[in-house]
Amino acid sequence: MSGDDTGNTNLLDPQAVLDAVPTGLWIDGKSVPAASGKSFEVFDAATEEALVSVADAGVEDARAALDAAVAASDEWAATAPRERGEILRRTFELLTDRADDIAMLMTLELGRALPDSRAETTYGNEFLRWFAEEAVRIGGRFNHAPAGNGRILVAHQPVGPCLAITPWNFPLAMGTRKIAPALAAGNVMIVKPARETPLTMLALAEAFAEAGLPPGVLSVLPTSSSGDVSTALITDDRIRKISFTGSTPVGRNLLGQAADRIQRTSMELGGNAPFLVFDDADVDAAVEGAFAAKMRNGGEACTAANRFLVQSGVVEEFTAKLVEKMSEVRMGPGYADGVTLGPLVNADQRDKVAEAVEQAVADGARVRLGGERPDGRGFFYPATVLDNVDPYASVTREEIFGPVAIISAFDDEADGIAAANSTEYGLASYFYSRDIERCMRVAEKLDSGMVGVNRGVISDAAAPFGGIKQSGIGREGGSEGINEYLSVKYIALT
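Cut-offs used in this document
- Residues numbered from 1 in each chain as written.
- Predicted model: local features only at pLDDT ≥ 70, side-chain atom pairs only at ≥ 80, totals over all residues.
- Heavy atoms only, no water.
- Core = buried A, V, L, I, M, F, W, Y, C linked by side-chain atoms within 4.5 Å.
- Buried < 20%, exposed > 50% of the residue type's maximum accessible area, 1.4 Å probe, protein only.
- Helix = DSSP H or I, 4+ residues; strand = E, 2+ residues; numbered from the N terminus.
- Contact = heavy atoms within 4.5 Å.
- Pairing = 2+ DSSP bridges.
- Axes fitted to C-alpha atoms, helices over the stretch in contact; angles between N-to-C directions.
- Arc of directions from axis to C-beta.
- Patch = residues over 30% accessible without salt bridge, like charges linked within 9 Å, V, L, I, M, F, W, Y side chains within 5 Å.
- Areas by Shrake-Rupley, 256 points an atom, 1.4 Å probe, with all protein chains shown as cover.
- Salt bridge = Lys/Arg side-chain N within 4 Å of Asp/Glu carboxyl O.
- Polar contact = N/O pair within 3.5 Å; in protein donor to acceptor, adjacent residues only side chain to side chain.
- Phe/Tyr/Trp six-rings, centres within 6.5 Å; stacked < 30°, edge-to-face > 60°.
- Lys NZ or Arg CZ within 6 Å of the ring centre and 35° of its normal.
- Expected span 1.5 Å × (residues − 1).
- Parallel < 35°, antiparallel > 145°, perpendicular 65-115°, else oblique.
- Left-handed = near helix turned anticlockwise from the far one by under 90°.
- Nonpolar A, V, L, I, M, F, W, Y, C, P; charged D, E, K, R; others polar.

Caption draft 1: Expanded view of the nonpolar core. Core analysis: the biggest nonpolar cluster contains 102 residues, and Ile179, Leu183, Met189, Phe208, Phe275 and Phe318 have the highest contact counts within it. With eight residues, the top contributor of residues to this core is helix α7 (residues 199–210). In contact with leucine 183, not counting residues within four places along its chain, are Trp76, Arg84, Met189, Phe208, Leu213 and Val217. Grouped together as the second largest cluster of nonpolar side chains are 23 residues, Ile165, Leu221, Val229 and Ile242 included.

Okay, here's the thing in structure tokens:
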């Protein structure tokens, strides 16, 4: 279309994109209504208006999906790895052809700017291609026992029916990086997407079916009763693996439930990523990296830089240049032409960000940019920069999950590392320095599962994604990612 009252000049018709998506539950290879007949609405975060109604899964639907998964499990596990990989590859190609539609769909249900959605379409789809190639590389080993009394055979086998619980902030990638390795390894999977963003997952399930995935191998259960549906599945002995991305408190609860049945788990939980800039850094490069690390997805990312720790010799130069860079952001509906910052996902998230800024200012922070919630409809919050923040202030303790950069000064390397590590989280860290010895030294000392050295974006389908401490257990992506969905069997031979 040529344009509308939101200023949208994209060629795609948002309504046509919505009309093409199945809105039922995806069970046994098809879109079906909820057993209760209930549905819930998905909202446009820019207008606060309903986009579409989606079937609302309940406990009965969860059991039906698990019945279908179990019925398909043995046959899928016995499917040749090459064929499993080819189905993943065909799904990758379908999503490549539909990249513009998928990006628009994510922007509509999440709210974020279309350029960010396009970037996620590329990133999320890459997990399908990566694990299509990994499906045929599942190995094992064979060797003689050291005592000479037999042979040792080690086989890797599918872990069994899996449950994936995905968040709202990356509707495609959080699905593909769980579904792709599970299916490549020969497992069946049920996905419970976030209530805010179920549409992309339903579109993905439909693409898998078109690519030849057998019925029952993948089910998707949108629901407004997340706890009931998840508990019904986790407390069923047939579920053997749980993969969750979300908050640490919810992950802790799920781990407790999984412990009752000794189920395998992968947990990608909260983050509080530090971004250090040392005096010897290329400040211009650090600003570019900081902007990418902060503003990707409007700051609604677990890997987003949450605390900018800048050595005192360059703190003012860095702050001034970051303010200038973030001043260039254009806020508006994510699907409007030229917008680079859309609304936050909902009112609760917007209010949480606003309250964090207000508390920081009350504690002595100085507002260098933004800092005021705009009037009108939509869950908008502007690009904001705060400085003069104590590195141990309360605002630095939790994820902000929004477009707010908090800048603190430090004096020497030891002080910077200490401040960076002063959190129970350990997902991602970033730092900038031109000293190669410092780069190796600091990278080893930072307490996180992932470290970006002179880089503001680190996610890669070919690399292991995950954290330490209360940021979770397990890894997604890379050659390590498929191991999360395999059991090791030792066979003793004479």
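Caption draft 2: Structural detail: the sheet that holds strand β6 (residues 151–158). Read from one edge of the open sheet, three strands run β5-β6-β22, paired in antiparallel fashion. At either end of the open sheet lies a strand with only one pairing partner, and these are β5 (141–144) and β22 (486–493). For this sheet, the mean angle separating the axes of adjacent strands, direction not counted, is 20°. Relative to β22, β6 runs antiparallel, the two sharing eight bridges. When the bridges of β22 are listed, isoleucine 152 appears paired with alanine 492.

Caption draft 3: Here's a closer look at helix α13 (residues 413–420). Considered for burial, the residues of α13 that qualify are Glu413, Gly416, Ile417, Ala419 and Ala420. Buried residues of α13, seen end-on, are gathered within an arc of 165° and therefore sit on one face of the element. Buried residues belonging to α13 abut β12 (273–277), β13 (305–311), β16 (404–410) and α14 (436–445).

Caption draft 4: Structural detail: a nonpolar patch on the surface. Together, Phe142, Ile491 and Leu493 give the surface a local cluster of nonpolar side chains, amounting to about 250 Å² of exposed area. Note on leucine 493: relative accessible area 34%, which makes it partly exposed.

Caption draft 5: Representation of the side chain of serine 429. Residue position: serine 429 is located in strand β18 (residues 428–432). For serine 429, a relative accessible area of 2% puts it in the buried group. There is a polar contact of 3.0 Å between the side chain of serine 429 and the side chain of serine 448. Once residues lying within four places of it in the same chain are set aside, the contact partners of serine 429 are Pro274, Leu446, Ser448, Met450, Val451 and Gly452.

Caption draft 6: Looking closely at unusual backbone geometry. One non-glycine residue with positive phi stands out, namely aspartate 28, at about 55°. Tracing the sequence through the fold places aspartate 28 in the loop between β1 (25–27) and β2 (30–32). The exposure class assigned to aspartate 28 is partly exposed, which follows from its relative accessible area of 35%.

Caption draft 7: Molecular detail of the packing of aromatic side chains. Enumeration according to the criterion identifies eight aromatic pairs in this entry. Taking 5.7 Å as the distance between ring centres and 90° as the angle between the ring planes, the aromatic pair formed by tryptophan 168 and phenylalanine 401 counts as edge-to-face. Taken together, the residues span a long stretch of sequence, with tryptophan 168 in the loop between β7 (162–165) and α6 (173–184) and phenylalanine 401 in the loop between β15 (384–387) and β16 at a distance of 233 residues. Overall, the relative accessible area of 14% leaves phenylalanine 401 in the buried class. By the ring-pair criterion, three or more aromatic residues cluster together here, those being Phe275, Phe308, Phe318, Tyr430 and Tyr432. Here the guanidinium or amino end of lysine 241 rests over the ring plane of tyrosine 485, the centre of that ring lying 4.9 Å away. The ring of phenylalanine 291 has lysine 325 sitting right over it, with the charged end atom 5.2 Å from the ring centre.

Caption draft 8: A look at the pattern of salt bridges. Counted under the stated rule, the structure contains 24 salt bridges. One salt bridge connects aspartate 387 with arginine 368, and the closest N-O pair in it is separated by 2.7 Å. Of this pair, aspartate 387 sits in strand β15 while arginine 368 sits in strand β14 (residues 366–369), placing them 19 residues apart in sequence.

Caption draft 9: Highlighting helix α12 (residues 347–362). Compared with an ideal rise of 1.5 Å per residue, which puts 16 residues at 22 Å, α12 spans 22 Å between its outermost C-alpha atoms and is within 8% of the ideal. Those residues of α12 not exposed but buried are Gln349, Arg350, Val353, Ala354, Ala356, Val357 and Ala360. One side of α12 holds all its buried residues, which, seen down the axis, span an arc of 155°. Projecting away from the buried face of α12 at angles above 90 degrees are the exposed residues Asp348, Glu358 and Ala362. Buried residues along α12 sit against β15 and β16.

Caption draft 10: Representation of the pairing of β15 in the model. Where burial is concerned, the two faces of β15 agree: the one with Thr384 and Leu386 and the one with Val385 and Asp387 are both buried. Bridge count for β15 against β16 is three bridges, and the pairing is parallel. Paired with valine 385 across the two strands is alanine 405, which belongs to β16.

Caption draft 11: Molecular detail of the packing of α6 against α7. Between α6 and α7, whose axes approach to 11 Å, the crossing angle comes to 30°. Judged on the interaxial angle alone, α7 and α6 are roughly parallel. Considering only the axes of α6 and α7, their crossing is right-handed. The residues of α7 that touch α6, namely those facing Gly175, Thr176, Ile179 and Leu183, are Met201, Leu204 and Phe208. Of the residues that constitute the contact of α6 with α7, the class distribution is five nonpolar, two polar and no charged.

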